[in-house]
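# Structure at a glance
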Amino acid sequence: TDPLYVVDREWRLRYVNPAAAALWRLPVDGVTGRSLWSVLPQAGTPTVPGSAHEQLARALREQRPAHLENFATRQSGWVEVSAYP
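Structure report, in brief.

Criteria and cut-off values
Residues numbered from 1 in each chain as written. Predicted model: local features only at pLDDT ≥ 70, side-chain atom pairs only at ≥ 80, totals over all residues. Heavy atoms only, no water. Phe/Tyr/Trp six-rings, centres within 6.5 Å; stacked < 30°, edge-to-face > 60°. Helix = DSSP H or I, 4+ residues; strand = E, 2+ residues; numbered from the N terminus. Buried < 20%, exposed > 50% of the residue type's maximum accessible area, 1.4 Å probe, protein only.

Scanning the model with the defined rule gives 2 aromatic pairs in all. When the ring of Y5 is compared with that of W24, the centres are 5.1 Å apart and the planes differ by 55°; the resulting orientation is tilted. Residue Y5 is located in strand β1 (residues 5–7), and its partner W24 is located in helix α1 (residues 18–24); the two are separated by 19 residues in the primary sequence. W24 sits in the buried class, given a relative accessible area of 5%. Relative to W37, the ring of W11 lies with its centre 5.1 Å away and its plane at 55°, an arrangement referred to as tilted. Of this pair, W11 sits in the loop between β1 and β2 (13–16) while W37 sits in helix α3 (residues 36–39); the two residues are 26 residues apart in sequence, bridging distant segments of the chain. Neither W11 nor W37 differs from the other in exposure class; each is buried.

Right, let's talk about unusual backbone geometry for a bit. Although it is not a glycine, W11 adopts a positive phi angle of roughly 65°. Even without being a glycine, Q63 presents a positive backbone phi close to 55°. Within the fold, Q63 resides in the loop between α4 (52–62) and β3 (66–72).

What follows is the structure, encoded as structure tokens:
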């Protein structure tokens with residue numbers, strides 16, 4: 001029931017479950033294959049300290065799990081993200 005998505009090293013969405021698509025208010029087939037950052041531009045960029053993008057990029061670079069909270073603008077609420085490289 002939890003939102004789950006999988007990205008490759010180029011940040012392309014390779015798997016998106018229905019809960020993640022519903023959270024993003026987008027169809028599963030409309031996001032699979034797209035860049036995570038094109039789907040979630042509000043996540044920031046790697047140059048913005050503390051942004052979700054920066055934290056996830058660091059997790060991938062260091063091959064360490066990351067846990068963060070981020071304000072989801074589409075949902076007008078907070079989401080907790082756990083990433084496992």
